[in-house]
Amino acid sequence: MNNVIAINQEDIEKYREKIFKSKEECRKIFAKEPFERKIRIAFELYKRAEYFKKFKQYKKQ
């Protein structure tokens, strides 16, 4: 069972590295955008976050 956990941990680390690389690329692109567009994107993301907060999270029992 330890081997399965170790393999999963390696997969998780690879996935995290991939996420962080893409996140940095997105930040670089976003930094080049005009200020008005940044504000508009920020408000759209805020509205989406508020929408998703309306849903309840189910706990496993």
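Values in this document were obtained by computation on a predicted structure and should not be read as measured data.

Calculation criteria
Residues numbered from 1 in each chain as written. Predicted model: local features only at pLDDT ≥ 70, side-chain atom pairs only at ≥ 80, totals over all residues. Heavy atoms only, no water. Helix = DSSP H or I, 4+ residues; strand = E, 2+ residues; numbered from the N terminus. Buried < 20%, exposed > 50% of the residue type's maximum accessible area, 1.4 Å probe, protein only. Salt bridge = Lys/Arg side-chain N within 4 Å of Asp/Glu carboxyl O. Phe/Tyr/Trp six-rings, centres within 6.5 Å; stacked < 30°, edge-to-face > 60°. Lys NZ or Arg CZ within 6 Å of the ring centre and 35° of its normal. Patch = residues over 30% accessible without salt bridge, like charges linked within 9 Å, V, L, I, M, F, W, Y side chains within 5 Å. Areas by Shrake-Rupley, 256 points an atom, 1.4 Å probe, with all protein chains shown as cover.

On to the overall build of the chain, then. Along the chain, the regular secondary structure elements total 2 helices and 0 strands. Per-residue burial for the chain yields a buried fraction of 0% across its 61 residues.

According to the stated counting rule, one finds 4 salt bridges in the structure shown. Of the charged contacts in the structure, one is a salt bridge between E13 and R16, with a shortest N-O distance of 3.6 Å. Of this pair, E13 and R16 both sit in helix α1 (residues 2–31), 3 residues apart, roughly one helical turn. Classification of E13 as partly exposed rests on a relative accessible area of 37%. For R16, a relative accessible area of 40% gives the class partly exposed.

Before going further, it helps to spend a moment on the packing of aromatic side chains. Aromatic ring pairs are defined here through the distance separating the ring centres and the angle between the ring planes. Overall, the coordinates contain 2 aromatic pairs when judged by the stated rule. Taken together, a centroid distance of 5.3 Å and an interplanar angle of 85° make the contact between Y51 and F55 edge-to-face. Owing to a relative accessible area of 46%, Y51 belongs among the partly exposed residues under this scheme. Lying over the aromatic face of F30, K38 brings its terminal NZ or CZ to 5.9 Å of the ring centre.

What follows concerns a nonpolar patch on the surface. Together, Y15, I19 and F20 make up a nonpolar patch on the protein surface, roughly 310 Å² of accessible area in all. Within the element layout of this structure, I19 appears in helix α1.

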